[in-house]
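Read off the chains here:
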There are 2 protein chains.
Amino acid sequence: MPITMYSASVPVFVRMLGNVATWLDKAEAHAAAKKFDPSVYLTARLAPDMLSFAKQIQIACDAAKFCVARISGDEAPKFEDNESSIAELRERIAKTVAYVRSVPAAKIDGTDAKDISVPRRDGAMSMKGEDYLRQFVLPNFYFHVTTAYALLRHCGVELGKADFLGGLPQPSAPASR
Amino acid sequence: MPITMYSASVPVFVRMLGNVATWLDKAEAHAAAKKFDPSVYLTARLAPDMLSFAKQIQIACDAAKFCVARISGDEAPKFEDNESSIAELRERIAKTVAYVRSVPAAKIDGTDAKDISVPRRDGAMSMKGEDYLRQFVLPNFYFHVTTAYALLRHCGVELGKADFLGGLPQPSAPASR
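Please read all numbers here as calculations on a predicted model, not as lab measurements.

Each copy of the sequence occupies a distinct position, and chain A is placed on chain B by a rotation of 180° and an axial shift of 0.0 Å, giving an RMSD of 0.0 Å. Taken together, these values place the two copies in the relation of a two-fold axis. Take the interface residues of chain A: 100% of them recur as interface residues in chain B, which is what a same-surface contact looks like.

And the structure:
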């Protein structure tokens, strides 16, 4: 299949957010083994002026949600940023995955040259769909997902690159014997 | 322009590695202001069993280099992993950017369904070009770039999201008056 606006967005979000959910499971198991309250992860930061773990997850979810809503012309569901436990962060991820999956590929493919308006502090900014996805959404999404991973590693959770990448594509069937 | 194997790879690598080079400038300025040897950044780690800052930069560069070589069918230039200063890391980035820029778009576009063989510890793995780029190269590239950023932030270097993303696309000219 050729790369498209859909293939480069929704399946990427679904796959990576699914991986993040598995990190939450490992984080909870680590807290149980070390006998600490897993909600302490939510306020962990790598530097005092960086955002907390909970915020990293919320923004990663929002990067996916708003991308899909803006390029498809759909209305994004509103989620309060009030998660206060690992269970609630898991739910935030599940709601986000359910939403991005609900938008049909036909509403996303072909939006490469569509004008996308991105609200910013100093006024809305307009970008073409492809620039928006490649230069704004994907770096931002991966930034928050990777920072969440780094925070859990910094907190001692045993994660590795395989947890980050998730299951790799199955080897293709040989083209001939 | 529609999203393609080229647009989703080379310009992304060039842009993000260019951003990383600006972080190195800020890291050097921070070390000078705090009067420490900037080479201490090279061995910084977020957890004892995570890779060092130097290694994060080397692997981010290699993710870009090998992606371009494998999908285009070109031979990747060999770089020794022996950088021992910020200046040498900057040079590694420059060599990588020069290489990925040297491969013409025509050798990369249309490789969506090409079989790509990825050497791994337990034998080579075969993936279609598009799966390789979206599910393996880009998450891996962003993982190492973001971890390098997180390490500098953790070391006190004043970087923000604008440094991570770099200059955003210019607002498009209005389609009509």
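What follows picks up the thread again.
Taking every second residue as pointing to the same face, the buried face of strand S2 (residues 125–128) of chain B carries B:Met125 and B:Met127, while none of B:Ser126 and B:Lys128 on the other face is buried. Taken together, strand S1 (residues 115–118) of chain B and the strand that follows it, S2(B), pair antiparallel across an intervening segment of six residues, in which B:Gly123 is found at a positive phi of about 100°.

All names here are of chain A. Here helix H4 (residues 129–154) contains 26 residues, and its C-alpha end-to-end distance of 36 Å stays within 8% of the 38 Å for a straight helix at 1.5 Å per residue. Along H4, the sharpest change in direction is near 35° and occurs at Val 137; proline Pro 139 comes one to four residues later. One or two steps after H4, the chain reaches Gly 156, where phi turns positive at roughly 95°.

This part covers helix H1 (residues 10–34) of chain B. Owing to its 3.6 residues per turn, the α-helix brings residues three or four apart onto one side. End to end, H1(B) covers 36 Å across 25 residues, agreeing with the expected 36 Å (1.5 Å per residue, within 8%). In the stretch just after H1(B), B:Lys35 is the one whose phi turns positive, near 55°.

Volume-wise, the largest pocket comes out at about 920 Å³. In terms of lining, the largest pocket is formed by 33 residues, of which the most central are A:Lys161, B:Arg121, B:Phe136, B:Asn140 and B:His144. Looking at the lining of the largest pocket, the elements that each hand over two or more residues are H4 and helix H5 (161–165) of chain A together with helix H2 (53–72) and helix H4 (129–154) of chain B. Take the lining of the largest pocket: its biggest share by element is eight residues, from H2(B). Of the volumes computed, that of the second largest pocket is approximately 700 Å³. If you go around the second largest pocket, you meet 24 residues; those closest to its centre are A:Ile59, A:Pro119, A:Arg120, A:Phe136 and A:Asn140. Only helix H2 (53–72) and H4 of chain A together with helix H5 (161–165) of chain B provide two or more residues apiece to the lining of the second largest pocket. It is H2(A) that contributes the most residues to the lining of the second largest pocket, seven residues altogether. Its residues placed into classes, the lining of the second largest pocket shows 11 nonpolar, five polar and eight charged.

A pair of packed helices is characterised by two quantities: the angle between their axes and the separation of those axes. Residues and elements named next belong to chain A. Between helix H1 (residues 10–34) and H4, the shortest axis-to-axis distance is 11 Å and the interhelical angle comes to 10°. One element, H1, and the other, H4, form an angle in the roughly parallel class. Here the hand of the crossing between H1 and H4 comes out left-handed. Between H1 and H4, the contacting residues are Val 12, Phe 13, Met 16, Leu 17, Val 20, Trp 23 and Ala 27 on the first element and Val 137, Leu 138, Phe 141, Tyr 142, Val 145, Tyr 149 and Leu 152 on the second.

Taken as a whole, chain A shows an average pLDDT of 94; of its residues, 95% reach a score of 70 or greater. In the predicted assembly, ipTM is 0.93 and pTM is 0.94.

Here is what the cut-offs are and how they apply
- Residues numbered from 1 in each chain as written.
- Chains lettered and ligands numbered in written order.
- Predicted model: local features only at pLDDT ≥ 70, side-chain atom pairs only at ≥ 80, totals over all residues.
- Heavy atoms only, no water.
- Least-squares fit on C-alpha atoms with pLDDT ≥ 70 in both.
- Contact = heavy atoms within 4.5 Å.
- Buried < 20%, exposed > 50% of the residue type's maximum accessible area, 1.4 Å probe, protein only.
- Helix = DSSP H or I, 4+ residues; strand = E, 2+ residues; numbered from the N terminus.
- Pairing = 2+ DSSP bridges.
- Expected span 1.5 Å × (residues − 1).
- Bend = angle between axes of the 7 residues up to and from the residue.
- 1 Å grid on protein atoms, 1.4 Å probe; cavity = no way out; pocket = protein on both sides within 12 Å on 5 of 7 lines; lining within 4 Å.
- Points joined across faces, edges and corners; volume = space filled by probe spheres on them.
- Nonpolar A, V, L, I, M, F, W, Y, C, P; charged D, E, K, R; others polar.
- Axes fitted to C-alpha atoms, helices over the stretch in contact; angles between N-to-C directions.
- Parallel < 35°, antiparallel > 145°, perpendicular 65-115°, else oblique.
- Left-handed = near helix turned anticlockwise from the far one by under 90°.
- pLDDT = per-residue confidence, 0-100.

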